[in-house]
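Chain residues, written in single-letter form:
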Amino acid sequence: MDAFRIIGGNKLQGTVTISGAKNAALPIMVATLLTSGKSVLRNVPNLRDVATMSKMLRLLGAQVTFEKNVLTVDTSKVNKWEAPYELVKTMRASVYVLGPLLARFGQARVSLPGGCAWGPRPVDLHIKGMQKLGAEVDVEHGYIVARAKRLKGAHIYFDISSVGATGNIMMAATLARGTTRIENAAREPDIVALAFFLRKMGARIEGEGTDTIEIEGVDNLSPQEEEIIPDRIEAGTFMGAAAITGGEVILENCIPEHVNAFTEKLRESGVQIEEGENSMRVKTSRGLQPVHVTTAPYPGFPTDLQAQMMSLLSIAEGTSVITETIFTDRFNHAPELQRLGADITVDENVAVITGVEKLSGAPVMATDIRASAALVLAGLVAEGETTISRVYHIDRGYERIEEKLSSLGANIERMREA
Ligand code: UD1
């Protein structure tokens, strides 16, 4: 397993280009299953999760090629409807295949994902949604087994805002008979991007980006080309890297509006941020100030930037409070940050971070994608050497992060293990 070695202390300077969004690419890759033929996706990030999803699509019978961030999926020979445990357990987003398979082939067998590093992550909303659309769904031997002749439009209300369930139901409903209305739908840019792609394919969708989405089912969809939107979480992570090191970094190929909540908290903390149309300049010239953060569904503060924010606040000049409302156990990074000298106490879903003057390098372990990113940020500012083991987590969600950081002046290298 690869590890990163970081020598902290360098201020990041320069320009970095943000890659395509993982969380937009994954459902769009899956949406190609709704039709027969070859779709072409551009600006797809070269990540482990994209490789895992490609493997999933190939298992179903699709032909997938990936070169220079262009991914083609030919779904004309899809002849299987099963997402096996071995894949779903490594990447929960594989559950996205449930809706499209059910809608196009009338059947799907998808493994339950099980828990993840920060606790249980149920898929009950996906299941209930498919049932509402008229599918017969059983859970047997650890698998969701769903069948339907043709799905029927329905009125679906989610009591929790869920990105995955909204995307899954939206995809399934595109080929259902009649109209589906999703209330309390997720408003994340990834859902908006998925709706755009589905509409290009011929789907009739309205309301994406609001909490009510309406889908009028059609008989057929067609393969399409699409460009994946920039990754707002990667953008936020590089903004955090600039801020924590007291550097000055320009981000290119990003959508500033998508990181508004994060930008506002950084500004409150004293970071200077200038927004261009597709770029941002992030600069810190004085000590970070403490801030209080509560995660919330988009457009609120994203849970996927909570860990990185904690790293920043661990060297702020005062005490900050982070309240995690999306995944209430998501604080695996806290004990690792403590190994680097951070002063953090966690009580249920609330973390209190008392800023320390400096962090000191130590061996730490990556536990999930964003926790690993937080450790990288902390390592960039910690005195001396930090080694982060198990960086396969970071490779799931960040394209060439060590190369991008090195080009900004960070002292970071990948240590490959045979
Ligand atoms: C997606 C993102 C992930 C992000 C998360 C929250 C992808 C591939 N992943 O994950 O990076 O951290 O959104 O922004 O886009 N829930 C249920 N029942 C369900 C589904 C969800 O109770 O059937 C709960 C979850 O436990 C959680 C909340 O709903 O508390 C939000 O989860 P959800 O938005 O579904 O997360 P994912 O789509 O899995």
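About the thresholds
Residues numbered from 1 in each chain as written. Predicted model: local features only at pLDDT ≥ 70, side-chain atom pairs only at ≥ 80, totals over all residues. Heavy atoms only, no water. Helix = DSSP H or I, 4+ residues; strand = E, 2+ residues; numbered from the N terminus. Contact = heavy atoms within 4.5 Å. Areas by Shrake-Rupley, 256 points an atom, 1.4 Å probe, with all protein chains shown as cover. Core = buried A, V, L, I, M, F, W, Y, C linked by side-chain atoms within 4.5 Å. Buried < 20%, exposed > 50% of the residue type's maximum accessible area, 1.4 Å probe, protein only. Near = heavy atom within 4 Å. Polar contact = N/O pair within 3.5 Å; in protein donor to acceptor, adjacent residues only side chain to side chain. Domains from an automatic or database assignment. Pairing = 2+ DSSP bridges. Axes fitted to C-alpha atoms, helices over the stretch in contact; angles between N-to-C directions. Buried area = accessible area lost by both parts, 1.4 Å probe. Salt bridge = Lys/Arg side-chain N within 4 Å of Asp/Glu carboxyl O.

Chemist: What's the story with the overall build of the protein in this structure? I'm lost.
Modeler: A count of helical and extended segments in the protein gives 14 helices and 24 strands. For the protein, restricting intrachain contacts to residue pairs at least 6 apart in sequence, the fraction spanning at least 24 positions comes to 72%. Surface accessibility of the protein: about 16500 Å² in total, with carbon and sulfur atoms responsible for 46%.

Chemist: Can you walk me through the nonpolar core in this structure?
Modeler: Among the nonpolar cores identified, the biggest contains 77 residues, and Leu34, Val97, Met130, Leu151, Met170 and Leu198 are the most heavily contacted of them. For leucine 151, the residues in contact, after removing those within four places along its chain, are Leu102, Ala103, Leu133, Ala135, Ala172, Ala176 and Arg177. In this structure, Val16, Val291, Ala342 and Ala382 belong to the second largest nonpolar core, which totals 66 residues.

Chemist: So what exactly am I meant to see when it comes to the site of the ligand here?
Modeler: Contacts to the ligand come from 19 residues, most closely from Asp124, Ser162, Val163, Asp304 and Ile326. One of the side-chain N or O atoms of asparagine 23 is found 3.1 Å from an oxygen atom in the ligand. Separating an oxygen atom of the ligand from a backbone N or O atom of proline 122 is a distance of 3.3 Å. Across the complex, the protein chains shield 85% of the 740 Å² of accessible surface that the ligand would expose by itself. Elements with a minimum of two residues in the shell around the ligand: helix H5 (124-132) and helix H6 (163-173). Looking at the shell around the ligand, you find at least three residues from each of domain 1 (2-19 + 230-416) and domain 2 (22-227).

Chemist: Teacher, can you tell me more about the sheet that holds strand S20 (residues 343-347) here?
Modeler: What links the strands of a sheet is backbone hydrogen bonding, and the strands pair in either a parallel or an antiparallel sense. Here we have 4 strands laid out as an open sheet, ordered S18-S19-S21-S20, and mixed in their pairing. The sheet is open, and its two borders are formed by strand S18 (292-294) and S20, each paired with just one other strand. Averaged over all adjacent pairs, the angle separating strand axes in this sheet is 15 degrees, with direction ignored. With 5 bridges connecting them, strand S19 (residues 319-323) and strand S21 (residues 350-354) associate as antiparallel partners. Paired with serine 320 across the bridge in S21 is isoleucine 353.

Chemist: Would you mind showing me how to read helix H12 (residues 369-381) here?
Modeler: Residue pairs three or four apart in sequence face the same way in an α-helix, which turns once every 3.6 residues. Extensive coverage of H12 is indicated by the burial of 12 of its 13 residues. When H12 is considered as a whole, its buried residues turn out to be Ile369, Arg370, Ala371, Ser372, Ala373, Ala374, Leu375, Val376, Leu377, Ala378, Gly379 and Leu380. The distance from a side-chain oxygen at the start of H12 to the backbone nitrogen of arginine 370 is 3.0 Å, and the residue carrying that oxygen is aspartate 368.

Chemist: Looking at this structure, I do not really get the sheet that holds strand S6 (residues 82-83). What am I missing?
Modeler: Read across the open sheet, the 4 strands follow the order S6-S7-S9-S8; overall the sheet is mixed. With partners counted over all chains shown, the strands left at the sheet margins are S6 and strand S8 (136-140), one partner each. Where S8 and strand S9 (residues 143-147) come together, 5 bridges link them in antiparallel fashion. The residue of S9 that forms the bridge with glutamate 140 is tyrosine 143.

Chemist: Where do I start with the domain arrangement of the protein in this structure?
Modeler: Domain boundaries in the protein define domain 1 (2-19 + 230-416) and domain 2 (22-227). For domain 1 versus domain 2, the separation of C-alpha centres amounts to 30 Å. Tallying the contact residues gives 23 residues for domain 1 and 22 residues for domain 2. With both chains or domains summed, domain 1 and domain 2 bury close to 1800 Å², and 52% of this area falls on carbon and sulfur atoms. Per-residue buried area on domain 1 facing domain 2 is highest for Tyr298, Arg396 and Glu399; these three make up 32% of the total on that side. In this structure, arginine 396 engages aspartate 49 in a salt bridge whose closest nitrogen and oxygen atoms are separated by 2.7 Å. At the surface where domain 1 touches domain 2, the tally comes to 7 residue pairs in polar contact (both at pLDDT 80 or more).

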